[in-house]
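Coordinate inspection notes
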Amino acid sequence: MNKTTEQLILRKADLSEVPLIWTILQDAIEQRRQDGSTQWQDGYPNELTIQNDIQNGYAYVLTENDLILCYAAIIFDKEPAYEDIQGKWLTNGDYAVVHRVAVSKLAKGKGIATKLFENIEDLCLTQNIYSIKVDTNFDNVPMLKILDRLSYTYCGEVFFRGAARKAFEKKLI
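1. Quick look at helix H1 (residues 18-34)
Here H1 spans 24 Å end to end across 17 residues, near enough to the 24 Å set by a 1.5 Å rise per residue. Residues of H1 that are buried: Val18, Ile21, Trp22, Ile24, Leu25, Ala28, Ile29 and Arg32. The arc enclosing the buried residues of H1, seen along the axis, measures out at 160 degrees, which places them on a common side. Opposite the buried face of H1, by more than 90 degrees, sit the exposed residues Pro19 and Gln34. Elements in contact with the buried residues of H1: helix H2 (47-56), strand S2 (59-64), strand S3 (67-75), strand S5 (96-103) and helix H4 (141-149). Taken from the residues just after H1, Gly36 is the one with a positive phi, measuring 80 degrees.

Shown next, in the form of structure tokens:
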């Protein structure tokens with residue numbers, strides 16, 4: 001008996017998908033609140049954030065059979081907040097930044113965020129980018145566990161919107 005293989009595809013998001021992506025982000029915002037986190041509890045991110053991500057070419061979705069499982073902003077440019085780290089990055093060259101990771105309720109607990117990051121690593125390599133930098137709240141335990149599982153290195157603190165955040169980097173080669 002042949003077992004069909006589910007294929008995960010990382011692709012750029014489309015403006016028509018903003019309502020669905022916003023629903024996924026709202027679920028993530030609520031999950032952060034239920035977990036007792038202060039992250040994303042102040043009106044950011046919002047629908048306009050998603051629209052701006054799409055218009056800037058940053059918005060990506062991970063899909064399975066055309067169903068959006070998660071969202072992330074992937075930025076192949078310098079992150080100004082990362083220029084002033086309290087600590088030290090592993091590298092000083094080009095890097096990708098990952099922001100606003102949110103997983104659909106339909107995919108919770110299935111390792112989809114880990115698969116997202118693995119797909120982002122592949123995307124970076126195809127663009128000759130060999131470093132990924134990411135930050136998260138001190139109290140975002142699920143993201144901290146993912147970064148640990150994928151061997152990201154804690155590099156110090158960066159400041160976003162007035163708050164300190166844990167900063168991580170992974171060298172891809």
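There's plenty left to go through after this.
2. Notes on the side chain of Thr114
Tracing the backbone through its elements, the reader meets Thr114 in helix H3 (residues 112-126). Once residues within four sequence positions are removed from consideration, Thr114 is found in contact with Ile146, Arg149 and Leu150.

3. Considerations on the environment of Glu17
Counting through the fold element by element, Glu17 comes out in the loop between strand S1 (8-12) and H1. The exposure class of Glu17 is buried, given its relative accessible area of 14%. Each C-alpha atom, one on Glu17 and one on Leu144, is 28 Å from the other, the two residues being 127 residues apart in sequence. With residues up to four places along the chain from it excluded, the contact list for Glu17 reads Arg11 and Ile68. Of note is the side chain of Glu17, whose polar atom sits 2.8 Å from the backbone nitrogen of Asp14.

4. Focus on the pairing of S2
Most of S2 sits out of view: five of its six residues are buried. Inspection of the sheet shows S1 paired to S2 by five bridges, in the antiparallel sense. Counterpart to Leu10 in the pairing with S2 is Leu62. In the sheet, S2 pairs with S3 via six bridges, with the strands oriented antiparallel. Bridge pairing links Val61 to Tyr71 in S3.

5. Observations concerning the nonpolar core
Residues Leu10, Val98, Leu116, Phe117, Ile120 and Tyr152 are the most contacted members of the largest nonpolar core, which totals 30 residues. Among the elements that take part in this core, H3 stands out by supplying seven residues, more than any other. Residues in contact with Leu10, not counting those within four places in the same chain, are Tyr60, Val61, Leu62, Ile74, Leu116, Asn119, Ile120 and Leu123. Core analysis: the second largest hydrophobic core is formed by 16 residues, Ala13, Ile21, Ala28 and Ile29 among them.

Cut-offs and rules
- Position labels on residues start from 1 in each chain and follow its written sequence.
- Reporting in this predicted model follows two pLDDT cut-offs: at least 70 for local features of residues, and 80 or more for side-chain atom pairs to be given and counted; totals over whole chains, interfaces and linings ignore these cut-offs and use all residues.
- The side-chain quantities take in all heavy atoms of the structure and omit both hydrogens and water.
- In DSSP terms, a helix is any run of H or I states spanning at least four residues, a strand is any run of E spanning at least two, and both are numbered starting from the N terminus.
- A helix is expected to span 1.5 Å for every residue after the first.
- Each residue is assigned to one of three classes by its accessible area relative to the maximum for its type, calculated with a 1.4 Å probe on protein chains only: buried under 20%, partly exposed between the two thresholds, exposed over 50%.
- This arc is built from the directions going out from the helix axis to the C-beta atoms.
- Throughout, a residue-residue contact means that at least one pair of heavy atoms, one from each residue, lies within 4.5 Å.
- Polar contact is defined as a pair of N or O atoms within 3.5 Å, subject to the rule that within protein one atom must be able to donate a hydrogen and the other to accept it, and that residues adjacent in sequence are counted only when both atoms are side-chain atoms.
- A strand pair is defined by DSSP finding two or more bridges across the two strands.
- Side-chain atoms within 4.5 Å link the members of a nonpolar core, which is a set of buried Ala, Val, Leu, Ile, Met, Phe, Trp, Tyr and Cys residues.

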